[in-house]
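# Geometric and topological summary
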Amino acid sequence: IVGTTGLRDNAFQGTDDLMDIWPNPSTGIVNIRAKNSGVDRILIKGLSGTYHKEFDVRAQNGIKQNTVSLQAGIYICTAIAKDRTISVSKLIVLE
């Protein structure tokens, strides 16, 4: 199944436990935490591919909480390990 983002909803099935994103949907302040020491970094991009933020989560054995301020829209949060995408989650920010 391909969603409106072009990402298959089950493309990374079984990896949802690699990061927490809350609240989701959000009103602009978002908390992101890597839950697995295998995650090196987390990227946040808009649906158009616009880069918004990157977090290096290796600093604390892969577990780090970050707060991000984002404008209204839909974002893709990608967990990266050893230069490979291992998890993708959608983030919705409301006005």
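Everything here concerns the structure above.
Keep in mind that this is a model prediction, so the values were computed, not measured. Every chain's residues receive numbers from 1 upward, in the order its sequence appears when written. Residues qualify for local features only when their pLDDT is at least 70, as the model is predicted, and side-chain atom pairs are given and counted only at 80 or more; totals for whole chains, interfaces and linings, by contrast, use all residues. To get the side-chain values, take all heavy atoms of the structure and skip hydrogens and water.

## Side note on the side chain of Asp40
- For helices the rule is a DSSP run of H or I covering at least 4 residues; for strands it is a run of E covering at least 2, with both sets numbered from the N terminus onward. Mapped onto the elements of the fold, Asp40 is located in the loop between strand E2 (29-34) and strand E3 (41-46).
- Exposure remark for Asp40: the relative accessible area of 17% places this residue in the buried category.
- Note on definitions: a residue-residue contact is assigned when non-hydrogen atoms from the two residues lie within 4.5 Å. Setting aside chain neighbours within four positions, we find Asp40 in contact with Phe55, Asp56, Val57, Arg58, Ile80, Ala81, Lys82 and Asp83. Burial classification: accessible surface area is computed with a 1.4 Å probe over protein chains only, and a residue below 20% of its type maximum counts as buried, one above 50% as exposed, and the rest as partly exposed.

## Describing the pattern of salt bridges
- For this document, the term salt bridge refers to a Lys or Arg side-chain nitrogen within 4 Å of an Asp or Glu carboxyl oxygen. All chains considered together, the criterion is met by three salt bridges.
- Arg33 is paired through a salt bridge with Asp20; the nearest N and O atoms lie 2.4 Å apart. Highlighted residues: Arg33 in strand E2 and Asp20 in strand E1 (residues 19-22), separated in sequence by 13 residues.
- For Arg33, a relative accessible area of 30% gives the class partly exposed.
- Notably, a salt bridge pairs Arg41 with Asp83, separated by 3.3 Å at the nearest N-O pair. Of this pair, Arg41 sits in strand E3 while Asp83 sits in the loop between strand E6 (73-81) and strand E7 (84-93), and the two are 42 residues apart along the sequence.

## Structural notes on the pairing of strand E4 (residues 51-56)
- In the sheet, E3 pairs with E4 via five bridges, with the strands oriented antiparallel. Paired with Leu43 across the two strands is Glu54, which belongs to E4.
- Connecting the antiparallel pair E3 and E4 is a turn made up of four residues, with Gly49 showing a positive phi of about 95 degrees. Paired strands are those between which DSSP finds at least two bridges.

## Some words on unusual backbone geometry
- The linkage connecting Trp22 with the following residue, Pro23, adopts the cis geometry, with an omega of -15 degrees.
- Structurally, the position occupied by Pro23 is in the loop between E1 and E2.
- A cis amide bond links Asn24 with the next residue in sequence, Pro25, at an omega value of 10 degrees.
- Inspection of the secondary structure puts Pro25 in the loop between E1 and E2.
- Despite not being glycine, Lys82 has its phi angle at roughly 50 degrees, a positive value.

## Details of the sheet that holds E6
- Ordered in space as E4-E3-E6-E7, the four strands form an open sheet in which the pairing is antiparallel. In the strand order of this sheet, the two ends are held by E4 and E7, each with one partner. The average angle at which neighbouring strand axes cross in this sheet is 20 degrees, direction not considered. A fitted line through C-alpha atoms represents every axis, and for helices the fit uses only the stretch in contact; the resulting angles, taken between N-to-C directions, go from 0 to 180 degrees.

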